[in-house]
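# A closer look at the structure
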Amino acid sequence: MSLSTQAIGHARLHQLVQTHQLKALMTIIRDQNTPRGDFVFYSDRVIRLLVEEGLNYLPVVSKEVITPMGVPFQGVAFEGRICGVSIMRAGESMEQGLRDVCTSVRIGKVLIQRDERTAQPKLYYSKLPKDIADRWVLLLDPMLATGGSAMKCIEVLLEAGVKEERILFINLICSPEGALAMLEQFPKLQIITAEIDEGMDEQKFILPGLGDFGDRYFGTE
Ligand code: PRP
Ligand code: URA
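The following paragraphs examine the structure supplied in this document. In this text the structure is predicted, and so the values were computed from the model without any measurement. (Residues numbered from 1 in each chain as written. Chains lettered and ligands numbered in written order. Predicted model: local features only at pLDDT ≥ 70, side-chain atom pairs only at ≥ 80, totals over all residues. Heavy atoms only, no water.)

### A short note on the site of ligand 1
Of all residues adjacent to ligand 1, which total 15 residues, the nearest are Arg114, Asp141, Thr146, Gly147 and Ser149. In the model, an oxygen atom of ligand 1 is placed 2.8 Å from a nitrogen or oxygen of the arginine 89 side chain. Take glutamine 113: an N or O atom from its side chain is 3.0 Å from an oxygen atom of ligand 1. A majority-of-atoms criterion places ligand 1 in the largest pocket. Those elements that provide at least two residues to the shell around ligand 1 are strand 5 (107-114), strand 8 (143-144) and helix 5 (148-159). When grouped by side-chain class, the residues that make up the shell around ligand 1 number five nonpolar, six polar and four charged. (Near = heavy atom within 4 Å. Polar contact = N/O pair within 3.5 Å; in protein donor to acceptor, adjacent residues only side chain to side chain. 1 Å grid on protein atoms, 1.4 Å probe; cavity = no way out; pocket = protein on both sides within 12 Å on 5 of 7 lines; lining within 4 Å. Sits in = over half its atoms within 2 Å of the grid points. Helix = DSSP H or I, 4+ residues; strand = E, 2+ residues; numbered from the N terminus. Nonpolar A, V, L, I, M, F, W, Y, C, P; charged D, E, K, R; others polar.)

### Here's the deal with the layout of surface pockets
Its volume calculated, the largest pocket comes out at about 650 Å³. Here the residues of the lining of the largest pocket are counted per class, giving 14 nonpolar, nine polar and eight charged. Its volume calculated, the second largest pocket comes out at about 210 Å³. Forming the walls of the second largest pocket are Leu55, Leu58, Phe78, Gly80, Arg81, Ile82, Val101, Cys102, Ser104, Val105, Arg106 and Arg135. (Points joined across faces, edges and corners; volume = space filled by probe spheres on them.)

### What about the nonpolar core?
Judged by nonpolar contacts, the single largest core of 35 residues is most densely connected at Val46, Leu50, Ile82, Leu98, Leu138, Leu172 and Phe213. Top contributing element to this core by residue count: helix 3 (residues 36-55), with seven residues. Other than its neighbours up to four places away in sequence, leucine 138 contacts Leu55, Ile82, Cys83, Gly84, Val85, Leu98, Leu168 and Ile170. Core analysis: the next-biggest nonpolar cluster, separate from the first, contains 28 residues, Val110, Leu144, Val162 and Ile196 among them. (Core = buried A, V, L, I, M, F, W, Y, C linked by side-chain atoms within 4.5 Å. Buried < 20%, exposed > 50% of the residue type's maximum accessible area, 1.4 Å probe, protein only. Contact = heavy atoms within 4.5 Å.)

Rendered as structure tokens:
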């Protein structure tokens, strides 16, 4: 079985439903000719879809409300508190999408950069909410290539007391080998992605991918 097939069938790797809309949005951001303003606009739309999907994995408890008709309605309410953690710099692009759906959400930041020559991640800085150990964490980074950066970040989260089963890693594109490596290393982690790609080149860039997300989003190409 190919790595892509294994990744697509993995129980803890959740791909967004491949609707025409999503495919059209992803085609725009993958296009090398897309101007930066459009890249930001359409990436933000995909990020919104991803964050909404991520919220589907949070636990709920039963809750009864009374409707304006004076009739009881048996519904649910979110249990557990959440926070976001973005992997700087590219992950910061996903913070607004989270804020748009979760008012006054707390957001921790971890600065991890890949060495451009070796593709090895290096941790520079982290600042997390004090009570993060009691929260569900939406881990934000648009690209999962080797998985090295996100795995380093998860180590930081685990050291801070976060429970592995409460980490939801949200990204736009992942390589099958990176995603599978992460799921093996962290057996309770869940990954939510828009598309699973074919692989990586020698520089560990995702193929077909979209190039360097951070550079395209922040205009530093
Ligand atoms: C990119 C991307 C991820 C990482 C993915 O960041 O945003 O953090 O590479 O690669 P990996 O899965 O092989 O670790 P980069 O270090 O290029 O920095 P940036 O956020 O400043 O673009
Ligand atoms: N980081 C990116 O921005 N793109 C890739 O393809 C790999 C790492």
